[in-house]
Amino acid sequence: MKLLIVNGPNLNMLGIREKHLYGTRDYAALCAYIQQKAKELGVEAEIFQSNHEGAIVDAIQGAYQRVDGIVINPAAYTHTSVAILDALKAVQVPAAEVHLTDVTRREPFRQISYAGMACQAHFIGLGFEGYGKAMEWMKENA
Ligand code: DQA
């Protein structure tokens, strides 16, 4: 099983950005966590991060008929991007939404998730563990 893990803008700034919300572990630590989890589950994880909406759309399109599942944290684009929603719908690959923080308890503008509308599972507010749970979900359901 091959999974594409997509991370949106500013997630590369983990460990630096708003530590009270996102913690002190950096992006390399997140990638290491994901790869360790992939090893445990016996799946392959390809990790992609971009600060650019179009690049994320391209990465999702590139998953078409190539990967078995997409785990996506679109970060700020969660709340704005119909293009990412449409890309997820277009490729028809099982998708799971992840957010490190509990967006349901944050600002009103974070209450809508466009990408989430094309996801079959949601792991919100669990920190790094959310990626692990999403990967487990993929192994069981995709
Ligand atoms: C986030 C939540 C988003 O609202 C925010 O813009 C992010 C990260 C999270 O993982 O908690 O950049 O997706």
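Structure's up top.
Predicted, not measured: the structure shown is a model, and the values here were computed from it. (Residues numbered from 1 in each chain as written. Predicted model: local features only at pLDDT ≥ 70, side-chain atom pairs only at ≥ 80, totals over all residues. Heavy atoms only, no water.)

## Regarding the pairing of strand E3 (residues 69-73)
Okay, so step 1: Buried residues dominate E3, accounting for five of its five residues.
Okay, so step 2: Of the two faces of E3, the one holding Gly69, Val71 and Asn73 and the one holding Ile70 and Ile72 are both buried throughout.
Okay, so step 3: One ladder, built from five bridges, connects strand E1 (residues 2-7) with E3; its direction is parallel. In the strand pairing of E3, leucine 4 is matched with isoleucine 70.
Okay, so step 4: Of the pairings in the sheet, the one linking E3 to strand E4 (residues 95-99) comprises three bridges and is parallel in character. Among the inter-strand pairings, valine 71 is bridged to a residue of E4, identified as alanine 96. (Buried < 20%, exposed > 50% of the residue type's maximum accessible area, 1.4 Å probe, protein only. Helix = DSSP H or I, 4+ residues; strand = E, 2+ residues; numbered from the N terminus. Pairing = 2+ DSSP bridges.)

## With respect to the site of the ligand
Okay, so step 1: Taken together, Arg17, Tyr22, Asn73, Ala75, Ala76, His79, His99, Leu100, Thr101, Val103, Arg106 and Arg110 make up the full set of residues near the ligand.
Okay, so step 2: Separating an oxygen atom of the ligand from a side-chain N or O atom of histidine 79 is a distance of 2.7 Å.
Okay, so step 3: Here arginine 110 contributes a side-chain N or O atom positioned 2.8 Å from an oxygen atom of the ligand.
Okay, so step 4: Of the residues in the shell around the ligand, the class split is five nonpolar, four polar and three charged. (Near = heavy atom within 4 Å. Polar contact = N/O pair within 3.5 Å; in protein donor to acceptor, adjacent residues only side chain to side chain. Nonpolar A, V, L, I, M, F, W, Y, C, P; charged D, E, K, R; others polar.)

## As for the packing of helix H2 (residues 27-41) against helix H5 (residues 129-141)
Okay, so step 1: Across the interface, H2 lies against H5 with an axial gap of 10 Å and an inter-helix angle of 30°. Considered as vectors, H2 and H5 are oriented roughly parallel to each other. H5 is crossed by H2, and the crossing has right-handed handedness. Facing H2, whose interface residues are Leu30, Tyr33, Ile34, Lys37, Ala38 and Leu41, H5 presents Glu129, Tyr131, Gly132, Met135, Glu136 and Lys139.
Okay, so step 2: Looking at the contact of H2 with H5 residue by residue, the classes come out as seven nonpolar, one polar and four charged. (Axes fitted to C-alpha atoms, helices over the stretch in contact; angles between N-to-C directions. Parallel < 35°, antiparallel > 145°, perpendicular 65-115°, else oblique. Left-handed = near helix turned anticlockwise from the far one by under 90°. Contact = heavy atoms within 4.5 Å.)

## Comments concerning the packing of helix H3 (residues 53-61) against helix H4 (residues 82-91)
Okay, so step 1: Packing of H3 against H4 leaves a shortest axis separation of 9 Å and a crossing angle of 5°. With respect to their mutual orientation, H3 and H4 come out roughly parallel. Contacts between H3 and H4 involve Glu53, Ile56, Val57, Ile60 and Gln61 from the former and Ala83, Ile84, Ala87, Leu88 and Val91 from the latter.
Okay, so step 2: Its residues assigned to classes, the contact of H3 with H4 comprises eight nonpolar, one polar and one charged.

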